[in-house]
Amino acid sequence: MAASILILGSIPPPIGGVTTHVSRLLANLGKSNFTRYAFCDLRNSNRLEVCINILRYKTIHLHISQPFLQLGLATFCMLAGKRLLITYHGNWGRYGALGNWAINISAGLCAVPIVQNGESFRRACFWNRKAALISTHLPAPPISELADSILHALMDFKKSYKTILCTNAWNVTFDKNGKETYGVLPIIECIENLVQTALIISDPSGQYSKYAAKMLGTLPGNVFFVSEPHDFRNILSLSDAFIRNTTTDGVSLSIHEAMELNVPVLASNAVERPVFCKTFDKINQVSFEKDIPLARNLLACGPPDLKACDPVKRLIEIYCEQLRP
């Protein structure tokens, strides 16, 4: 039996950037001529099962976001003589001092650290010269339709407004400074008094609607939460612009999905953004009336980084390199 690579990660549910990427990676590998891989679902495997799986394979590709778990598995793979690839889904340096230290050491211990943007790549190369810059944005399956009840409610909601904005958050999370990672409440505060503008919030975990109600008391009438699992591309298709108000990021899958659906993107400049994004420093400085047309014009620029490198093809090349004797 030919040597295979073990992909370690989780797939939806719950819906999130990492789980969606892993799901799409498996689907795209399945469509390719590359069959030398297996998958271990971390969410449904205990520690012993994970360790046994690691020992069975020569090369491991890890998809998790916890720095100390990355470090622990990198150390285990090194001691076991395994070749470990780690995809770092967030921006380099987004954690506190200890978390960032763990990231640096795990990158040094693994065979290939895979990162998402130029800033992260430069920093990763300091710890491992074999670092690779490969987007986590992969070809997606056909759009899954919304439940009829949600679709009808959204269509009724849209009728009352001229401009529909959207944003998303897979869960309520906070950055190393204690700020909302996805910056949803600041967006609500910016649009709550705009009579002709509304906001749809993709909230697949259902936690953000609870958090917003707790923090704000009464939710504005021009805000609509979709608080159950769904395909976010449906929300994008109903919107005039997508807002990515994050304090940190990797490669936002949603940003690229918006681009593919020709939906203008307004994104915080917390990290390097694709050229088709209209960036901002603070969400309260955004003029939707002026900035959405500017963002629409930027869509013509396209994503040259994705055109230059097929992420699936590049990953398969690395897999083959690592599987050689």
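As a starting point, this report considers the structure included with it. (Residues numbered from 1 in each chain as written. Predicted model: local features only at pLDDT ≥ 70, side-chain atom pairs only at ≥ 80, totals over all residues. Heavy atoms only, no water.)

## Points about the overall build of the chain
(1) Moving on: Helix and strand counts for the chain come out as 13 helices and 12 strands.
(2) Moving on: The C-alpha radius of gyration of the chain comes to 20 Å, within 12% of the 20 Å expected for a compact globule of 325 residues.
(3) Moving on: On the chain, the mean spot of the 32 positive side-chain charges and the mean spot of the 25 negative ones are 9 Å from each other. (Helix = DSSP H or I, 4+ residues; strand = E, 2+ residues; numbered from the N terminus. Rg over C-alpha atoms; globule rule 2.2 N^0.38 Å. Lys, Arg positive; Asp, Glu negative; His and termini not counted. Charge placed at Lys NZ, Arg CZ, Asp CG, Glu CD.)

## Some thoughts on the sheet that holds strand E7 (residues 163-168)
(1) Moving on: Read from one edge to the other, the open sheet built from 6 strands follows the order E9-E8-E7-E10-E11-E12, with strand pairing classed as parallel. The open sheet has two free edges, formed respectively by strand E9 (223-226) and strand E12 (277-280), since each of these has just one partner strand. Ignoring which end each strand starts from, the neighbouring axes of this sheet average 25° apart. (Pairing = 2+ DSSP bridges. Axes fitted to C-alpha atoms, helices over the stretch in contact; angles between N-to-C directions.)

## Structural notes on the nonpolar core
(1) Moving on: Among the nonpolar cores identified, the biggest contains 25 residues, and Leu154, Ile200, Ile235, Phe242 and Val265 are the most heavily contacted of them.
(2) Moving on: Elements supplying a minimum of two residues to this core: helix H6 (148-158), E7, strand E8 (197-202), E9, helix H9 (232-237), helix H10 (253-260) and strand E11 (265-268). (Core = buried A, V, L, I, M, F, W, Y, C linked by side-chain atoms within 4.5 Å. Buried < 20%, exposed > 50% of the residue type's maximum accessible area, 1.4 Å probe, protein only.)

## As for the side chain of Asp41
(1) Moving on: Within the secondary structure, Asp41 is located in strand E2 (residues 37-41).
(2) Moving on: Here Asp41 occupies a buried position and makes no salt bridge, while the nearest side chain of opposite charge, Arg43, is found at 4.7 Å.
(3) Moving on: Among the polar contacts made by the side chain of Asp41, one reaches the main-chain amide nitrogen of Arg43 at a distance of 3.0 Å. (Salt bridge = Lys/Arg side-chain N within 4 Å of Asp/Glu carboxyl O. Polar contact = N/O pair within 3.5 Å; in protein donor to acceptor, adjacent residues only side chain to side chain.)

## Some words on helix H11 (residues 288-298)
(1) Moving on: Residues Phe288, Asp291, Ile292 and Ala295 constitute the buried set of H11. For H11, the angular spread of the buried residues around the axis is 105°, confining them to a single face. What points out from H11, more than 90 degrees from its buried face, is the exposed set Glu289, Lys290 and Asn297.
(2) Moving on: Looking at the buried side of H11, the elements it contacts are E7, helix H7 (184-191), strand E10 (241-244), E11 and E12. (Arc of directions from axis to C-beta. Contact = heavy atoms within 4.5 Å.)

## So, the sheet that holds strand E6 (residues 132-133)
(1) Moving on: Taken in spatial order, the 6 strands of this open sheet run E2-E1-E3-E4-E5-E6, and their pairing is parallel. Two strands close off the open sheet at either side, each with one partner strand: E2 and E6.
(2) Moving on: In terms of strand pairing, strand E4 (residues 83-87) meets strand E5 (residues 112-115) through 3 bridges, oriented parallel. Within the sheet, the bridge partner assigned to Thr87 lies in E5 and is Ile114.

## Digging into the state of the cysteines
(1) Moving on: Counted according to the given criterion, the structure contains 0 disulfides.
(2) Moving on: As a non-bridged cysteine, Cys40 has Cys51 as the owner of its nearest cysteine sulfur, 9.9 Å distant.
(3) Moving on: No disulfide involves Cys166; its nearest neighbouring cysteine sulfur is the one of Cys277, lying 13 Å away.
(4) Moving on: A relative accessible area of 0% means that Cys166 is categorised as buried. (Disulfide = S-S within 2.5 Å.)

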